[in-house]
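This is what each chain is made of:
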Amino acid sequence: MPEKSPVLLESGTNELEIIEFLLGDQRFAINVMKVKEIVTPLPITKIPHSHPYMEGIIELRGEVLPVFDLAKALCFPASAHPEHDKFIVAEFNKQKIVFRVHNVMRIYRISWTQIEKPSQMHQGLEGQVIGIVKLEGRMLLLLDFEKIIADVNPNLGVNVQQVKKLGKRERSEKRIIVAEDSPLLRKLLHDTLSEAGYGRVEFFENGAEALRYLQSVVADGKDIAEEVQLVITDIEMPQMDGHHFTKRIREDERLRKLPVIIFSSLITEGLRHKGMKVGATAQVSKPEIGELIEMMDSYVL
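All chains use their own residue numbering, which begins from 1 and follows the written sequence. Two thresholds apply to this predicted model, a pLDDT of at least 70 for residue-level local features and 80 or more for giving and counting side-chain atom pairs, whereas whole-chain, interface and lining totals are computed over all residues. As a rule here, side-chain values come from all non-hydrogen atoms in the structure, and water together with hydrogens is ignored.

Visitor: Sorry if this is basic, but what is going on with the sheet that holds strand β9 (residues 115–116) here?
Guide: Sheets are built from strands that pair by backbone hydrogen bonding, the pairs being arranged parallel or antiparallel. Strands qualify as paired when DSSP identifies two bridges or more between them. By definition, any uninterrupted DSSP run of H or I lasting at least four residues is a helix, any uninterrupted run of E lasting at least two residues is a strand, and each is numbered from the N terminus. Spatially, six strands are ordered β8-β1-β2-β11-β10-β9 in an open sheet, and the strand pairing comes out mixed. Whereas interior strands pair on both sides, the edge strands pair on one side only; in this sheet they are β8 (103–111) and β9. When strand β10 (residues 129–135) meets strand β11 (residues 138–143), the two strands line up antiparallel, connected through six bridges. Following the sheet pairing, I132 is matched in β11 by L141.

Visitor: It is not clear to me how the pairing of β10 should be interpreted in this structure. Could you clarify?
Guide: Sheet faces and side chains relate simply in a regular strand, where the side chains alternate between the two faces. Residue burial is assigned from relative accessible area. The probe radius is 1.4 Å, only protein chains are included, and a residue is buried under 20% of its type maximum, exposed over 50%, and partly exposed in between. β10 sits mainly inside the fold: six of its seven residues count as buried. Looking at chain direction, β9 and β10 are connected through two bridges and run antiparallel. Paired with I115 across the bridge in β10 is V133. Here β10 folds back onto β11, and the loop between the two strands holds two residues, one of which, E136, carries a positive phi near 50 degrees.

Visitor: Could you clarify how one ought to interpret empty space enclosed by the protein in this entry?
Guide: If a probe as big as a water molecule is rolled over the atoms, it shows which places are left empty. Here the term cavity refers to a set of points on a 1 Å grid, laid over the protein atoms alone, in which a 1.4 Å probe fits but cannot get out; the term pocket refers to an open set having protein on both sides within 12 Å along at least five of seven lines, with lining residues being those that place an atom within 4 Å of a point. Grid points are joined across faces, edges and corners, and a volume is the space filled by probe spheres set on the points. One pass over the structure, following the stated rule, counts one cavity of 30 Å³ or more. Every residue along the wall of the largest cavity is listed here: I130, D144, E146, K147, E180, D181, S182, L185, D234, E236, S265 and K286. Of the residues contributing to the lining of the largest cavity, the split by class is two nonpolar, two polar and eight charged. Residue polarity is assigned by list, with Asp, Glu, Lys and Arg as charged and Ala, Val, Leu, Ile, Met, Phe, Trp, Tyr, Cys and Pro as nonpolar; anything else, Gly included, falls into the polar class.

See below:
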């Protein structure tokens, strides 16, 4: 895999690197931050009665990892040239998963502002596309890998049962702002936070929209602490990612005292420093909703 650009070791630049890969003739993309390595296919051990999208397991450097047939999951034909197939070893949501793809092309460095949100009109893959990237006359589809995995095993997603383990909850009147681009996650967070007693939660589709709202609140001199008590943000979002959003809050003297919790599948030991550098108050890995709520309690109750 090509080396990552040194500039992206910086945090809050609103840039990312994506890896272009193929399923048939269609071009897709995955955030480099999710990718551990790319390898040629290894011998697969099949698991009886496993999900149709799961090819089986492999051993890679002493780890046993599941292999996921991405073409089958997206209803694409099998590889016409299996000799070109590649395994993308990914890590997110505190787990490693291997995705079989038909070929890997190259890495691009782009801005989140170059990523368009798919409209409901052309969102054809059951909500599995989170962004459309136009590059060199081609379109790359940025996939929602978390949703694809959750479709196979819902237990790997946000689970309201985690809230019930926290015991009896009091209702809170604290106002929470959430920046999250996934409609599925917005619905799950709405239901889960409501169950946890947080009924005054307002959602925005990306960091840019949430920042504009926060700036509008303080534009006429209001104290932000009286209007909003906490911000929760994803990292991967079109237009403005969560790191840049957090950085912009910290750079604005009217907003900087707001607590900001980053809630993302990209919270790993190797990436946690990025959130710290932009001034995140706390960071919680998806789908640990119970941990998120306990963190919220500590800052707003």
